[in-house]
Amino acid sequence: MTSQSNSNWSTWAVNTLVKSPLSWSVGRIKESILSPTPAIDEKSEYVVLHLVENQANELFNIISVNDQSQILFMDDIQKRLNKMWNADVSMTSTELIVHSLEIRNKVFVERGEHLVTNKTLVKIASGDKDVEPISELEKNFFKLKETEKILIGEISNMDFEKESLVKEAKSYIAKNMKPIALTYLRKKKEIEKRIEKQLKSLDNVQALISRIEDLNTTPKYCNRMLMDLQL
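None of the values given here were measured: they were computed from a predicted structure.

Chemist: Now, about helix α6 (residues 136–174): what can you tell me, with residues and values included?
Modeler: Between its terminal C-alpha atoms α6 stretches 57 Å, which fits the 57 Å expected from 39 residues at 1.5 Å a residue. Immediately beyond the C-terminal end of α6, within one or two residues, lies Asn176, with a positive phi of roughly 60 degrees.

Chemist: Which residues make up the environment of Glu132, and what values go with them?
Modeler: Tracing the backbone shows Glu132 in the loop between β5 (120–124) and α6. Between the C-alpha atoms of Glu132 and Lys106, which are 26 residues apart in sequence, the distance is 9.0 Å.

Chemist: An account of the sheet that holds strand β4 (residues 107–111) is needed here, citing residue identities and associated values.
Modeler: Within the open sheet, the three strands sit side by side as β3-β5-β4. Their pairing is antiparallel. This sheet does not close on itself; its edge strands, each paired only once, are β3 (70–73) and β4. Strand-to-strand twist of the sheet, defined as the mean angle between neighbouring strand axes without regard to direction, takes the value 25 degrees. Two strands pair when backbone bridges link them, and β4 and β5 are joined in this way by five bridges, in the antiparallel orientation. Note on β5: the bridge partner recorded for Phe108 is Lys123. Across the sheet, helix α4 (residues 74–85) lies against β3, β4 and β5, angled at about 85 degrees from β3, the strand it touches most.

Chemist: Quick one: what's the story with the packing of aromatic side chains, residue by residue and with numbers?
Modeler: Summed over the entire model, instances satisfying the criterion amount to two aromatic pairs. Summarising the aromatic geometry, the rings of Phe73 and Phe142 are spaced 5.0 Å apart at their centres and angled 80 degrees between planes, so their arrangement reads as edge-to-face. Of the two residues, Phe73 is situated in strand β3 and Phe142 in helix α6; the sequence distance between them amounts to 69 residues. Judged on exposure class, the residue Phe73 and its partner Phe142 are both buried. With a centroid separation of 5.6 Å and 15 degrees between ring planes, the pair formed by Tyr172 and Tyr184 is classed as stacked. Here Tyr184 lies in helix α7 (residues 178–213) and Tyr172 lies in helix α6, a separation of 12 residues in the sequence. Its relative accessible area of 19% is what places Tyr172 among the buried residues. Over the aromatic face of Phe73 sits the side chain of Lys119, whose NZ or CZ is 5.0 Å from the ring centroid. Between Lys175 and the ring centre of Tyr172, over which it is positioned, the NZ or CZ distance is 5.3 Å.

Chemist: Go over the packing of α4 against helix α5 (residues 91–102) with me, naming the residues and quoting the values.
Modeler: The N-to-C vectors of α4 and α5 enclose an angle of 100 degrees; their axes lie 10 Å apart at closest approach. On the basis of their axis angle, the class for α4 and α5 is roughly perpendicular. For the pair α4 and α5, the contacting residues are Met74, Asp75, Ile77, Gln78, Leu81 and Trp85 in the first and Met91, Thr94, Glu95, Ile97 and Val98 in the second. Of the residues contributing to the contact of α4 with α5, the split by class is seven nonpolar, two polar and two charged.

Basis of the calculations
- Residues numbered from 1 in each chain as written.
- Predicted model: local features only at pLDDT ≥ 70, side-chain atom pairs only at ≥ 80, totals over all residues.
- Heavy atoms only, no water.
- Helix = DSSP H or I, 4+ residues; strand = E, 2+ residues; numbered from the N terminus.
- Expected span 1.5 Å × (residues − 1).
- Pairing = 2+ DSSP bridges.
- Axes fitted to C-alpha atoms, helices over the stretch in contact; angles between N-to-C directions.
- Contact = heavy atoms within 4.5 Å.
- Phe/Tyr/Trp six-rings, centres within 6.5 Å; stacked < 30°, edge-to-face > 60°.
- Buried < 20%, exposed > 50% of the residue type's maximum accessible area, 1.4 Å probe, protein only.
- Lys NZ or Arg CZ within 6 Å of the ring centre and 35° of its normal.
- Parallel < 35°, antiparallel > 145°, perpendicular 65-115°, else oblique.
- Nonpolar A, V, L, I, M, F, W, Y, C, P; charged D, E, K, R; others polar.

Have a look at this one:
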């Protein structure tokens with residue numbers, strides 16, 4: 001095979017096997033390397049197992065933490081893959097990669113309603129250890145961490161809204177339109193009350209997270225604290 005042929009083959013392999021999804025319809029394969037034939041089912045799909053396994057290993061090496069397991073949403077893993085390869089990785093390809101790790105006991109996958117409807121949880125094994133199923137404590141702690149993220153996001157959005165209202169009020173004051181300015185200031189006070197309420201909730205959640213993360217806290221006590229929070 002000439003160097004030109006090698007170059008063409010390498011280009012095809014990168015474009016087809018790396019940048020494209022990990023499963024293809026037979027029609028796609030026909031377009032690339034086969035002659036048209038009516039005997040092939042166009043709706044069938046094939047998976048390149050070796051490619052999936054290699055990319056699963058690459059993902060695991062990046063997201064695995066040596067001393068502790070971690071839990072992620074499936075779509076968070078998809079975002080990681082998009083960033084890793086600077087490409088739009090489909091959810092189907094993401095699930096194939098995760099499944100490759102699952103059958104080797106590197107991840108544990110649990111589907112169902114976890115804080116957000118129809119979200120899939122993926123527990124990543126730590127280092128060379130086999131993964132264990134997600135415990136109730138881990139699920140509840142994960143919910144706490146997600147609740148913390150949501151509260152922080154909501155507070156940030158309300159802060160931005162408050163600042164916008166202040167700017168609007170100042171602009172109307174400058175135009176000597178104080179009645180309208182007062183309307184914006186009243187809205188600002190309402191948002192401040194909502195922010196204060198959310199900040200209290202955030203303080204409670206973060207305090208509970210800190211207590212659970214304390215090395216001296218026993219699993220039994222953690223479960224009781226989480227039940228008291230009524231997640």
